[in-house]
Amino acid sequence: MNPFSSPARLRDMIRAIRACKTAAEERAVVRKECAAIRASIDENDPDYRHRNLAKLMFIHMLGYPTHFGQMECLKLIASPGFPEKRMGYLGLMLLLDERQEVLMLVTNSLKQDLNHTNQYIVGLALCALGNISSAEMARDLAPEVERLLHFRDPNIRKKAALCSARIIKKVPDLAENFVNPATALLREKHHGVLITGVQLCTELCKISSEALEHVRKKCTEGLVRTLKDLANSPYSPEYDTAGFTDPFLHIRLLRLLRVLGEDHADASDSMNDILAQVATKIESNKIIGNAILYECVQTIMSVEDNGGLRVLAINILGRFLSHKDNNIRYVGLNMLMKAVTVDAQAVQRHRATILECLKDSDASIRKRALELVCILVNETNVKALTKELVEYLEVSDPDFRADLTAKICSIVSKFSPEKIWYIDQMLKVLSEAGNFVKDEVWHALIVVISNASELHGYTVRALYKAFKMSAEQETLVRVAVWCIGEYGDILINNAGMLDVEDPVTVSESDVVDVVEIALKCHASDLTTKAMALVALLKLSSRFPSCSERIREIIVQCKGNLVLELQQRSIEFNLIIAKHQNIRPTLVERMPVLDEVTFIARRAGSFPGAGLTSTGSSVGLSNGVAKPVAPIVDLLDMNSDDAPAPSSSGGDFLQDLLGVDLSLASQQSDASQPSRNGTDVLLDLLSIGSASAPIESPAQSNSSTIDILSPKQSKKAPISPLDDLSSLSLSSRATSNAGAAPMMDLLDGFAPGPPTEENNELVYPSITAFESSSLRLVFNFSKQPGNLQTTNIQASFTNLTSNVYTEFTFQAAVPKFLQLNLDPASGNTLPASGKGSVTQNMKVTNSQHGKKSLVMRIKIAYKINGKETQEEGQINNFPRDL
Amino acid sequence: MIKAVLVLNTQGKPRLAKFYEFQSVEKQHDAIRNVFSVLCSRPEHVSNFVDAESFFGPDSRLVYKHFATLYFVFIFDSSENELAMLDLIQVLVETLDKCFRNVCELDIVFNYSKMHTILDEIILGGQVLETSSNEVMKAIEEISRLESASKAINLVPKSVSGWRSQ
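Because the structure is a prediction, the values reported are computed rather than measured.

In this section: the overall build of chain A. Looking only at helices and strands, chain A features 39 helices and 10 strands. Taken across its 881 residues, chain A has 53% of its residues classed as buried. For chain A, the exposed area adds up to about 38700 Å²; of that, 52% sits on carbon and sulfur atoms.

As a further point, take the overall build of chain B. If you tally the helices and strands in chain B, you get six helices and seven strands. In chain B, the succession of helices and strands from N to C terminus is β-β-α-β-α-β-β-α-α-α-β-β-α. A buried classification covers 60% of the 166 residues belonging to chain B. In chain B, of all internal contacts separated by at least 6 residues, the share reaching a separation of at least 24 is 50%.

With that out of the way, let us pick up the pairing of strand β4 (residues 61-67) of chain B. Here is the key point about a regular strand: its side chains alternate between the two faces of the sheet. Residue and element names in this part refer to chain B. Among the seven residues of β4, five are classified as buried, and the element is accordingly described as predominantly covered. Taken together, the seven bridges between β4 and strand β5 (residues 70-76) define a ladder with antiparallel strand orientation. Across the sheet, the residue bridging to Val63 is Phe74, located in β5. Counted between consecutive antiparallel strands, the loop separating β4 from β5 contains two residues, among which Ala68 sits at a positive phi close to 50°.

This part covers the interface of chain B and chain A. Contacts between chain B and chain A engage 60 residues on the former and 71 residues on the latter. Together, the buried faces of chain B and chain A total about 5600 Å²; carbon and sulfur atoms form 57% of this surface. Of all residues in chain B, B:Leu83, B:Phe110 and B:Tyr112 give up the largest surface area on contact with chain A, accounting jointly for 13% of the area buried on that side. Where chain B packs against chain A, one counts five salt bridges. For the pair chain B and chain A, the number of links is 16 residue pairs in polar contact (both at pLDDT 80 or more). At the level of secondary structure, the elements contributing two or more residues to the side of chain B that touches chain A comprise β2 (14-19), α1 (25-40), α3 (82-100), α4 (105-110), α5 (112-122), β7 (127-128) and α6 (133-165) of chain B. Looking at the side of chain B that touches chain A residue by residue, the classes come out as 25 nonpolar, 19 polar and 16 charged.

A few words on the sheet that holds β2(B). Residues and elements named next belong to chain B. Taken in spatial order, the five strands make up an open sheet running β2-β1-β5-β4-β3, and their pairing is antiparallel. With partners counted over all chains shown, the strands left at the sheet margins are β2 and β3 (49-51), one partner each. Neighbour to neighbour, the strand axes of the sheet diverge by 20° on average, direction disregarded. Bridge count between strand β1 (residues 2-9) and β2: five bridges; the pairing is antiparallel. Paired with Ala4 across the strands is Phe19, a residue of β2.

All names here are of chain A. For the pair helix α3 (residues 46-62) and helix α4 (residues 70-78), the least separation of the axes is 10 Å and the interaxial angle reads 130°. The angle between α3 and α4 falls in the class oblique. For the pair α3 and α4, the sense of crossing is left-handed. Touching Arg49, His50 and Leu53 of α3 are Glu72, Cys73, Lys75 and Leu76, all from α4.

Between its first and last C-alpha atoms helix α28 (residues 526-542) of chain A spans 24 Å; for 17 residues at 1.5 Å apiece the expected length is 24 Å, and the two agree. Counting buried positions along α28(A) gives 15 out of 17 residues, so the element sits mostly inside the fold.

A separate point is the sheet that holds strand β9 (residues 855-863) of chain A. Residues and elements named next belong to chain A. Spatially, β6-β9-β10 is the arrangement adopted by the three strands of the open sheet, whose pairing is antiparallel. The two strands at the open ends of the sheet, each matched to only one other strand, are β6 (805-812) and β10 (866-874). Strand-to-strand, the axes of this sheet are offset by a mean angle of 15°, without reference to chain direction. Relative to β10, β9 is paired through nine bridges, and the arrangement is antiparallel. Bridge pairing in β10 places Lys858 opposite Glu871.

All names here are of chain A. The end-to-end C-alpha distance of helix α30 (residues 563-578) is 22 Å, a good match for the 22 Å that 16 residues give at a rise of 1.5 Å each. Buried within α30 are the following residues: Leu565, Arg568, Ser569, Phe572, Asn573, Ile575 and Ile576. All buried residues of α30 lie within an arc of 160° about the axis, which places them on one face of the element. Opposite the packed face of α30, turned more than 90 degrees from it, sit the exposed residues Leu563 and Lys578.

Residues and elements named next belong to chain B. Here chain B shows a mean pLDDT of 83. Residues at 70 or above account for 90%. The least confident element of chain B is α6, whose mean pLDDT is 68; the most confident is strand β6 (residues 123-124), at 94. Low pLDDT, under 50, characterises residues 156-166; the stretch is placed with one contact to residues that sit more than four places away or in other chains.

Attention now goes to the packing of aromatic side chains. In the structure shown here, the tally under the stated rule is 13 aromatic pairs over all chains. Ring geometry for A:Trp482 against A:Tyr487: centres 6.1 Å apart, planes inclined by 80°, an arrangement best described as edge-to-face. In terms of burial, A:Trp482 and A:Tyr487 fall into one category: buried. Taken together, a centroid distance of 5.7 Å and an interplanar angle of 80° make the contact between B:Phe67 and B:Phe72 edge-to-face. Members of the aromatic cluster, connected to one another through ring pairs, are A:Phe796, A:Tyr804, A:Phe807, A:Phe809 and A:Tyr861. A:Arg38 extends its terminal NZ or CZ atom over the ring of A:Phe68, reaching a point 4.1 Å from the ring centre.

In this structure, A:Leu92, B:Phe74 and B:Leu88 are the most contacted members of the largest nonpolar core, which totals 257 residues. The leading source of residues in this core is α3(B), at 12 residues. When neighbours within four sequence positions are excluded, B:Leu88 is seen to be in contact with A:Phe248, B:Ile2, B:Phe74, B:Ile122, B:Ile123, B:Val128 and B:Thr131. Listed in part, the 32 residues of the second largest apolar core include A:Leu776, A:Val813, A:Met841 and A:Phe877.

The rules behind each value
- Residues numbered from 1 in each chain as written.
- Chains lettered and ligands numbered in written order.
- Predicted model: local features only at pLDDT ≥ 70, side-chain atom pairs only at ≥ 80, totals over all residues.
- Heavy atoms only, no water.
- Helix = DSSP H or I, 4+ residues; strand = E, 2+ residues; numbered from the N terminus.
- Buried < 20%, exposed > 50% of the residue type's maximum accessible area, 1.4 Å probe, protein only.
- Areas by Shrake-Rupley, 256 points an atom, 1.4 Å probe, with all protein chains shown as cover.
- Contact = heavy atoms within 4.5 Å.
- Pairing = 2+ DSSP bridges.
- Buried area = accessible area lost by both parts, 1.4 Å probe.
- Salt bridge = Lys/Arg side-chain N within 4 Å of Asp/Glu carboxyl O.
- Polar contact = N/O pair within 3.5 Å; in protein donor to acceptor, adjacent residues only side chain to side chain.
- Nonpolar A, V, L, I, M, F, W, Y, C, P; charged D, E, K, R; others polar.
- Axes fitted to C-alpha atoms, helices over the stretch in contact; angles between N-to-C directions.
- Parallel < 35°, antiparallel > 145°, perpendicular 65-115°, else oblique.
- Left-handed = near helix turned anticlockwise from the far one by under 90°.
- Expected span 1.5 Å × (residues − 1).
- Arc of directions from axis to C-beta.
- pLDDT = per-residue confidence, 0-100.
- Phe/Tyr/Trp six-rings, centres within 6.5 Å; stacked < 30°, edge-to-face > 60°.
- Lys NZ or Arg CZ within 6 Å of the ring centre and 35° of its normal.
- Core = buried A, V, L, I, M, F, W, Y, C linked by side-chain atoms within 4.5 Å.

Here it is, written out as structure tokens:
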């Protein structure tokens, strides 16, 4: 046998693999080679073991399975020759890991080799143990390793030190055995032993508080002295790196001092001088010098407070930011982000340099700088910083814009000192990067604008101008269209002009032009086009002279392929063409949305709370206004019936428009005589008759339930115009009742409310709803002059030992009933029946004497912050109500 | 601690892969592919630090240096100084240069077991063992001498046997 065959054959295999052109070829070569290796292993020829394992290691690196060679590692390790042992240990570390059961078999070999007379074999064993030791091996071999910490040769001592570090990580209980040998290493002169000894002590201090205390007490002074000697040492060629004496040892010593000094004033005090010396002496024009400075800064920031050192450290980081090397700037920003929690004032002094990093060509540095700027923002500097960020937004590259836009919006909304500044900044962002702005951001902007009535004119004019210049920014277009629809009349008359503004001359036609552009631009998406249609409807009322033109624009969407736009177009056209008399009330200016409610909802409160609030508000303000009772009740019913829309955009728009309808009703109440009220009702009937199916006037109880069920099963969000449709349906149902209901309506318009008389009718109370957690009791009363209307007092009792918070009650009734719900007495239900919540409601039965009351209810509350709901249907009302 | 050391060529082929923290073989190779896909699209003149949490788990960062056809990559956690890691790569490369005299990719391909031995003299168990390339060279030379001596001893009987047959 040729004695040189082994290395040649390995080289041949490598050449063959490298010669492959495709992955399939490589797989074929590897498969063939593995087959040969398996055959050779089966022959159990010791001469080939070394070569086989060398090949397997290469194959393993390429990603192919090599588990069948694991036992060969063990056999080689047990061989007497050095080359075999070396290859065996290399294979062990690569082909096996600590989980393999095979690993247990090697423990005995390791033990023998740790006691071998050849120190290089001892080194091989320590290396393997340090890399793949399991907890069992660590326990078995710890005594050997501990002994080797005292070995005569420094190369063995340093390997034993790192091996010990792994052992104590695997078995922390063994830490105490290593404390004294480890601290002895700290007095060594050999740099390799020193650096590994420091690392072992650092691990000991992390694992064991006793070890930490011991090292702190016994070694801090020695470490400080070692670092001082190192920092002041003359040239030492062996460990010189770019002119620094062993920077790696500097760094490890500083790291250990950090561990010792954290939360310990005395230890911190003893190292202050050397930290100051290192921080001031090191030159920062080399990477490795900066590595030492970087470690020194981290140590200063972690040990007990010394104001002067802290400022020195932060100033070093400030210099890092100006360094031309990307890596130095990167770590400087990282460290400043941590430093800002310790001394924000000192970091603020470097704000200009930090802002400069925003313009870095390196994306990761820009990202870090942006995060740091966001941390530095406060009430004092928000205007200056935002100005810088917005200016940079104009020139930043597309990849960075999304991040930058999100951060600017976050800063502006969080720290805004005044509304006009907020609106200005948001308009700048929308103009520059509107396509990166998230929905909740522009929704919030609209809420703020609606709340700033003195700024409506300023805002709509600014948006009009911005739209002219930045029509490609989708969210800018949406906000502009919404504001123009709401405040278009202010736009043309320059009302509310501020000192800082220049007058603009805008005609009604110009205003309609921009909305038409938004509607017809091919880049606009569905939401934008839908909002444009709504804005046009509003403008048709604010600009009567343009009404016909607007109608023509709207009609063009009748044939739109998107059903949403088609439906809006048809409905809006009907309003403009046939119902001019109710249009002003329909598109009255949107009432101010409660910012607190909006913020709370955005924070995740229960969506139904808003609906209940709306219903209660309507009931409260119109409770005794009988002439408009039918309309108010219809609105209340819709409010109760509407499911919470799932999309945030829809939710927002739905809320605004829903409130609008409520206000329209109130306006009608305030400004129109009773005859006009009748006109409104008849006009609604006119709309409804075109689309609503005719229902039989006679309905059984089962039909009543059927009417309730479809309503509850609605899934899709209701568009604003569906509210009109529901009004129509409800009104028509009322008229189908025949002459008697109509007489009642007319009677309702009679002058003078009925005077209150003693209640002479008594009805038994009922337990309307009861579950394992909640009981609802209804008490009834009527007044002699109005038998159709029943006053109900609902009383809720908590049957569990948990307090219910944010308690809300909602109810729905069929069309022949009208429900008016007053606010509840409270929204917290005490535990175990101590105290209760009451709520009054009024139900009018247009089928009095023919049908009993029926009601579907939903109750929502929170237990320990967790939302809970209960639903049910009440069928056990007393007869004759 | 250092979690892994990788040497990849500019086609993504691993030339050395050493993991100091347990990872299954599949995860190791996924990690190698992920590291390469990040590095090969990274432009010049950007920092040499990359967040490695997506392929090495929490508290992982990587630093790399690009020499000729090879990327040298260290993956480490927050107990290591990033700038020092960068310079430790330099120590490794300098040592390879001394061992192979103007090292190139082929030297590493055909001598990868020696590569592992060199790495084992610089890093042990994910911790820094030695930072002086001269000290590492001394150890490597001694190991090579031991290797040669063992082989020389093995050769003697065969030579005698050959001579006797003549």
